[in-house]
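Below are the chains, spelled out letter by letter.
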Amino acid sequence: MNFHIHFLSCLLLYVFLFPAFSCSQSRQPQKETSDRLKEKAIEALEFCRKNGYNTDFCILVDMKVHSGKYRMFVWNFEFGLPEHQALCAHGCGKDDRKSTGEMPLFSNVNGSLLTSLGKYKLGVRSYSQYGINVHYKMHGLEPTNSNAFKRIIVLHSHTPLPEKEIYPAHLPMGWSFGCPVTDDATMTYLDKKLKLAKKPVVLWIYY
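Just so it is clear, the model here is predicted, and its values are computed rather than measured.

## Describing the overall build of the protein chain
Then comes step 1: From N to C terminus, the protein chain includes 3 helices and 10 strands.
Then comes step 2: In the protein chain, the succession of α and β elements from N to C terminus is α-α-β-β-β-β-β-β-β-β-β-α-β.
Then comes step 3: Here the protein chain holds 207 residues, and the buried ones make up 43% of them.
Then comes step 4: In the protein chain, the proportion of contacts linking residues at least 24 apart, taken out of those at least 6 apart, comes to 61%.
Then comes step 5: Surface accessibility of the protein chain: about 11,400 Å² in total, with carbon and sulfur atoms responsible for 59%.

## Details of the pattern of salt bridges
Then comes step 1: Inspection of the entire model under this criterion finds 8 salt bridges.
Then comes step 2: Two residues, glutamate 83 and lysine 193, come together in a salt bridge whose shortest N-O distance is 2.9 Å. Here lysine 193 lies in helix H3 (residues 184-196) and glutamate 83 lies in strand E3 (residues 81-86), a separation of 110 residues in the sequence.
Then comes step 3: Lysine 119 is the salt-bridge partner of glutamate 142, the closest N and O atoms lying 3.6 Å from each other. With glutamate 142 in the loop between strand E7 (134-140) and strand E8 (154-157) and lysine 119 in strand E6 (residues 118-127), this pair connects stretches of sequence that are 23 residues apart.

## Focus: the side chain of asparagine 76
Then comes step 1: Counting through the fold element by element, asparagine 76 comes out in strand E2 (residues 72-76).
Then comes step 2: Residue asparagine 76 is classed as buried on the basis of its relative accessible area, which comes to 12%.
Then comes step 3: At 2.9 Å, the side chain of asparagine 76 and the backbone nitrogen of glutamate 78 are in polar contact.
Then comes step 4: Every residue in contact with asparagine 76, bar those within four places of it in the chain, is listed here: Asp56, Leu81 and Glu83.

## Here we look at the nonpolar core
Then comes step 1: One finds Ile59, Val61, Leu122, Leu155, Leu194 and Leu203 to be the most contacted residues of the largest nonpolar core, which totals 30 residues.
Then comes step 2: When residues of this core are traced back to their parent elements, those giving at least two are strand E1 (57-62), E2, E6, E7, E8, H3 and strand E10 (202-206).
Then comes step 3: Aside from chain neighbours lying at most four places away, what touches leucine 194 is Phe57, Leu122, Tyr136, Leu155 and Val201.
Then comes step 4: In this structure, Leu45, Leu60, Trp75 and Val202 belong to the second largest nonpolar core, which totals 14 residues.

Rules behind the numbers
What you see as residue numbers is a count from 1 along each chain, following the sequence as written. Since the coordinates come from a predicted model, pLDDT governs what is reported: local features require at least 70, and pairs of side-chain atoms require 80 or more to be given and counted, while whole-chain, interface and lining totals use all residues. As a rule here, side-chain values come from all non-hydrogen atoms in the structure, and water together with hydrogens is ignored. Put simply, DSSP H or I for four residues or longer makes a helix, DSSP E for two residues or longer makes a strand, and each gets a number counted from the N terminus. Relative accessibility thresholds used throughout: buried, under 20% of the residue-type maximum; exposed, over 50%; partly exposed, between the two (1.4 Å probe, protein chains only). The criterion used for residue contact is that any of the two residues' heavy atoms lie within 4.5 Å. Reported accessibility uses the Shrake-Rupley method at a 1.4 Å probe radius. Residues are deemed covered only where the shown protein chains occlude them. Salt bridges are defined by distance alone: a side-chain nitrogen of Lys or Arg within 4 Å of a carboxyl oxygen of Asp or Glu. Think of a polar contact as two N or O atoms within 3.5 Å of one another; within protein, one of them needs to be a possible hydrogen donor and the other a possible acceptor, and neighboring residues in sequence only count if both atoms come from side chains. Residue types Ala, Val, Leu, Ile, Met, Phe, Trp, Tyr and Cys, when buried and joined through side-chain atoms within 4.5 Å, form a set referred to as a nonpolar core.

Structure below.
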């Protein structure tokens with residue numbers, strides 16, 4: 001009798017837990033993205049140590065990834081793994097310099113409405129008219145994003161942006177004028193972490 005109860009308990013655990021495990025595995029970044037992510041994380045940790053930034057975690061955004069897939073990763077330096085992943089919109093651009101869902105364009109020019117590549121220091125927490133009404137100022141640390149603060153490039157959320165992947169569909173253009181824009185749940189998660197961070201956090205947008 002005890003054997004049968006034990007067997008049924010194990011079976012129920014398998015039935016309920018295995019689908020969740022499989023789903024979690026399916027959400028992991030593809031190998032090419034994962035390899036690139038690890039390389040950037042190693043470089044980011046070295047940069048943070050050298051320059052006095054937060055060495056608990058950083059935020060990595062891989063713009064080579066399809067806009068309908070997770071391409072924003074919160075990288076945990078201690079465990080060497082992404083602890084959170086999310087969708088992220090890129091700048092739509094204007095005039096003859098318009099991004100598409102498939103191919104983002106990049107610029108450091110004020111008024112371009114395009115995303116700037118490079119490492120950023122996340123600065124002051126402030127009010128946002130979008131999403132959860134919180135944004136973080138962004139200070140460009142490289143020649144490719146040196147105008148970020150003047151361009152009012154900030155980390156924020158936008159309520160229509162979904163929490164789950166929508167591939168093969170793309171995120172609609174117009175949700176970002178150059179800012180890394182994510183979903184409300186992710187921004188809530190990031191806000192809690194950023195408020196507790198004792199040193200400035202690095203966000204790195206790369207392609």
